[in-house]
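# Notes for the structure review
This is what each chain is made of:
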Amino acid sequence: MLASFIEGLLCCLPSKPANKVVPVETSEPTDGYEFVEVKPGRVLRVRHIIPDRPTVEEPSQGGIVSCKRKITVYRNGQLFIENLGERASAELKTCQNGDTEPNSTVEVELTDCRNSSPPVSIPEPQSDPVPAGNNVVASEIGAAGGAAAAGQTEQQHPRKRRRKPKRTVVIDCERRIASCKGTHSDLALFFIHGVGGSLDIWGSQLDFFSRLGYEVIAPDLAGHGASSTPHIAAGYTFYALAEDMRLIFKRYAKKRNVLIGHSYGVSFCTFLAHEFPDQIHKMVMINGGGPTALEPSLCSIFNLPTCVLHCLSPLLAWSFLKAGFARQGAKEKQLLKENNAFNVSSFVLRAMMSGQYWPEGDEVYHAELTAPVLLVHGMHDKFVPVEEDQRMAEILLMAFLKVLEDGSHMVMLECPEAVNTLLHEFFLWEPVTLPLPKKESKTRPETAKAQTENARVISESAKVRPATAKQT
């Protein structure tokens, strides 16, 4: 503790931050690691593994899911989500802009609203397309749950007066969801870590899926792992980091892509899903929290000066170990050390926490997502309550929530086998395509029966005629 205090004072005397910039000598890939310069002087380390595929399979046809819903935002902040079904086309035709292209959203202002605006409640659990692995609690939320609950609450709470909505968004599109196998050459998996982490926290997942034939990409955020560390706080805002992820995605993206995010990294996955809706096939959110807009806290320990945070770094590391793991022992300490987690400078940590400003990422922003989402939550997580992930499952169109009993915030390190199983089963899941109804015969039943009887009589007559002719 005394040594950390002295280092904090020394780093303040020369007026330079305590963070260190990792030198980048080459951009050639070595052992699956590459260094990508997203901007001049801003270099990110990326682990990119392209496995050898013995055979190349064509992706299955999958099932088509209709995404038709209306999202109404009222002036008191309440949100009302309703599945439209076949009425979506009629709603779109009445809009002023007349935009009816797939994956489009139409914003309209309604002068009258027949529905009240009760808060969306938790829907009834539906059939689970992702079989639960070991240490998994059956706590899943079915697809399009928020809309079904909204229809029930509408009947229970009759409206007292008509309210004018602040904004209404209508979504009308169809998505084809197919199985994601490792042998598919048009598929890529993106892993994005959170604050204080690095791509090394995905070590078990990267090795597991690369052995199965998946192409995996995992970047280090700026100031984390072996990426370069800008010396200005503006380099760690949400928009600066999101732009880095957007450039990384454009560089490695395939026709179909799966996004896997942890904690703060979930926000970047949501951002990419909005930027590239046609290329995002599925998403995984691990301890990401609720669908709320990001805003830095004014009363936080991370608002203290950098030198003070540097002196308190041992205490912060101990607090992270206490809250991030279900058990605190030698194994967990070794996991933090080996996976280079929570090993960032005080300057980067302070800038990251102060730069989490993202007003667009509200409930409506998340409700517009049409890709299937798997929510993984550690039961003992002290950073993100389970109620936040439940709220996220209510808002999303197709969401499946899984709670791991033995996990906490760093669940991918604590329960790697269970997490890998859940993710793999979700990648292979595809909606069941119902067979088309058989067309009924146009002939009446009586007519068909009479025709059958006539055919039987004619056949019997044909058998009798030869014998009669012989007798004559």
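In what follows, the structure referred to is the one given above.
Here we summarise the structure given alongside this text. Owing to the predicted nature of the structure, the values given are computational and were not obtained by experimental measurement. (Residues numbered from 1 in each chain as written. Predicted model: local features only at pLDDT ≥ 70, side-chain atom pairs only at ≥ 80, totals over all residues. Heavy atoms only, no water.)

## Here's the deal with the environment of D389
- Of note, D389 is situated in helix α12 (residues 386-395).
- Remark: the alpha-carbon pair of D389 and H377, spanning 12 residues in sequence, is separated by 7.3 Å.
- Discounting chain neighbours no more than four positions away, the residues touching D389 are N287, G288, G289, L375, V376, H377, V384 and L401. (Helix = DSSP H or I, 4+ residues; strand = E, 2+ residues; numbered from the N terminus. Contact = heavy atoms within 4.5 Å.)

## Re the packing of aromatic side chains
- All chains considered together, the criterion is met by 19 aromatic pairs.
- Where Y236 meets F347, the ring centres are 6.2 Å apart and the plane angle is 85 degrees; that geometry is what we call edge-to-face. Of this pair, Y236 sits in the loop between β9 (216-219) and α5 (238-252) while F347 sits in helix α10 (residues 346-354), placing them 111 residues apart in sequence. This pair shows no difference in class: Y236 is buried, exactly as F347 is.
- Here F238 and Y239 contribute two aromatic rings whose centre-to-centre distance is 5.6 Å and whose plane-to-plane angle is 80 degrees, an arrangement assigned as edge-to-face.
- By relative accessible area, Y239 is classed as partly exposed at 37%.
- Following the ring pairs from residue to residue traces out a cluster consisting of F191, W202, F208, F209, Y214, F400, F426, F427 and W429.
- We note K282 situated over the ring of F426; from NZ or CZ to the ring centre the distance is 5.3 Å. (Phe/Tyr/Trp six-rings, centres within 6.5 Å; stacked < 30°, edge-to-face > 60°. Buried < 20%, exposed > 50% of the residue type's maximum accessible area, 1.4 Å probe, protein only. Lys NZ or Arg CZ within 6 Å of the ring centre and 35° of its normal.)

## Here's the deal with the environment of M392
- Among the secondary structure elements, M392 is positioned in helix α12.
- Take M392: its relative accessible area is 1%, and that puts it in the buried class.
- Along the sequence, M392 and G290 sit 102 residues apart, while their C-alpha atoms lie 5.1 Å from each other.
- Residues in contact with M392, not counting those within four places in the same chain, are M285, G289, G290, P291, H366 and L375.

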